[in-house]
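An overview of the molecular structure
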Amino acid sequence: MSAKLWANLGAMLLVVVLLCLGVRFGLDLYTHHGEEIEVPNIKHKLFTDAEQLLSNRGLEIEVSDTGYVRSLPPDCILDQVIAPGTKVKRGRVIYVVINSDHSPMLTLPDLIDNNSYREARANLIAMGFKVGPPQYVSGEKDWVYGITCRGQNLHNGQRVSVDDVLTIQVGDGVMNMDEDITYMDPEYPGNDNDSVNATSQHHNQGVIEGSGGHDEFEVVTGPE
């Protein structure tokens, strides 16, 4: 083979080797192979401060959810998805949960005039509501007749802050006689006139009627 052919083969082999080396080191640079950045603890920091801290380390931040803690300021970091001290690559996104500027609102379930006091109270507490002492009203014992908050009557399906204290209006077992009792005339079998006549005859038996009447009493003659 001629020297020119060997030179061409050598040049081609050199190009292949350089391409392989270029791809390998290029991927390492692109993926930051071997580079590790420690994730800092950003809990309870304001979002702007946490964003600056992560940016200085080549990391990014993104809000994934919100929560509410009354004792902490709004936009405070409540939690971070990647734990502090974890080793990550440059450009990694750190997802965080921030504190909301207002308390969450919950929907009042269908409890009014539909549950006993024990059931309603347990249901509200399980949902996250705050429940104060009950207010007793006239009605069936332990039955829920209403729910109030800050002196206002609530209705089923209304949205209420979890920070507000609810008061359940419960029946005290003492019924209001004027409202709950309906008076009805007695019913007698048969025709109304016949019933009245029968009743009149029943009450008039044994009474000596006036002129033209007769005595219904049996006369007993004593010994002479």
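Source: prediction; values computed, not measured.

Cut-offs and rules
Residues numbered from 1 in each chain as written. Predicted model: local features only at pLDDT ≥ 70, side-chain atom pairs only at ≥ 80, totals over all residues. Heavy atoms only, no water. Helix = DSSP H or I, 4+ residues; strand = E, 2+ residues; numbered from the N terminus. Contact = heavy atoms within 4.5 Å. Areas by Shrake-Rupley, 256 points an atom, 1.4 Å probe, with all protein chains shown as cover. Buried < 20%, exposed > 50% of the residue type's maximum accessible area, 1.4 Å probe, protein only. Polar contact = N/O pair within 3.5 Å; in protein donor to acceptor, adjacent residues only side chain to side chain. Arc of directions from axis to C-beta. Pairing = 2+ DSSP bridges. Axes fitted to C-alpha atoms, helices over the stretch in contact; angles between N-to-C directions.

1. Things to note about the overall build of the protein chain
A count of helices and strands for the protein chain gives five helices and twelve strands. Nonlocal contacts in the protein chain, meaning residues at least 24 apart in sequence, comprise 68% of its contacts between residues at least 6 apart. Accessible surface computed for the protein chain: about 16,400 Å², of which carbon and sulfur atoms make up 54%.

2. Here's the deal with the side chain of Asn 99
Of note, Asn 99 is situated in strand β5 (residues 93-99). Residue classification places Asn 99 among the buried residues on the basis of a relative accessible area of 2%. The residues touching Asn 99, leaving out its near neighbours within four places in the chain, are Gly 67, Tyr 68, Val 69, Leu 72, Pro 73, Pro 74, Asp 75, Cys 76 and Leu 78.

3. Remarks on the environment of Asn 56
Relative to the elements of secondary structure, Asn 56 occurs in helix α2 (residues 47-56). Relative accessible area serves as the criterion here: at 57%, Asn 56 is assigned to the exposed category. A polar side-chain atom of Asn 56 sits 3.0 Å from a polar atom in the side chain of Gln 52.

4. Overview of α2
Helical geometry: 3.6 residues make up each α-helical turn, so side chains three or four residues apart lie on a common side. For α2, the complete set of buried residues consists of Phe 47, Ala 50 and Leu 54. Across the axial projection of α2, the buried residues extend over an arc of 65°, all falling on one side. Opposite its buried face, α2 presents the exposed residues Thr 48 and Asn 56, each directed more than 90 degrees away. Those residues of α2 hidden inside the fold are in contact with β2 (60-67), β3 (77-80) and β5. Following α2 by one or two positions, Gly 58 has its phi on the positive side, about 80°.

5. Describing the sheet that holds β5
With respect to topology, three strands assemble into an open sheet ordered β2-β5-β3, the strand pairing being mixed. One side of each edge strand has no neighbouring strand; the edge strands of this open sheet are β2 and β3. Sheet twist, expressed as the mean angle between neighbouring strand axes with direction ignored, is 35°. Bridge count between β2 and β5: seven bridges; the pairing is parallel. Looking across to β5, one finds that Asp 65 is bridged to Val 97. This element, α2, spans β2, β3 and β5 of the sheet and lies at about 150° to β2.

6. With respect to the side chain of Ser 161
Secondary-structure assignment places Ser 161 in strand β11 (residues 159-161). A polar atom in the side chain of Ser 161 sits 2.5 Å from the side chain of Ser 103. With residues up to four places along the chain from it excluded, the contact list for Ser 161 reads Ser 103, Pro 104 and Met 105.

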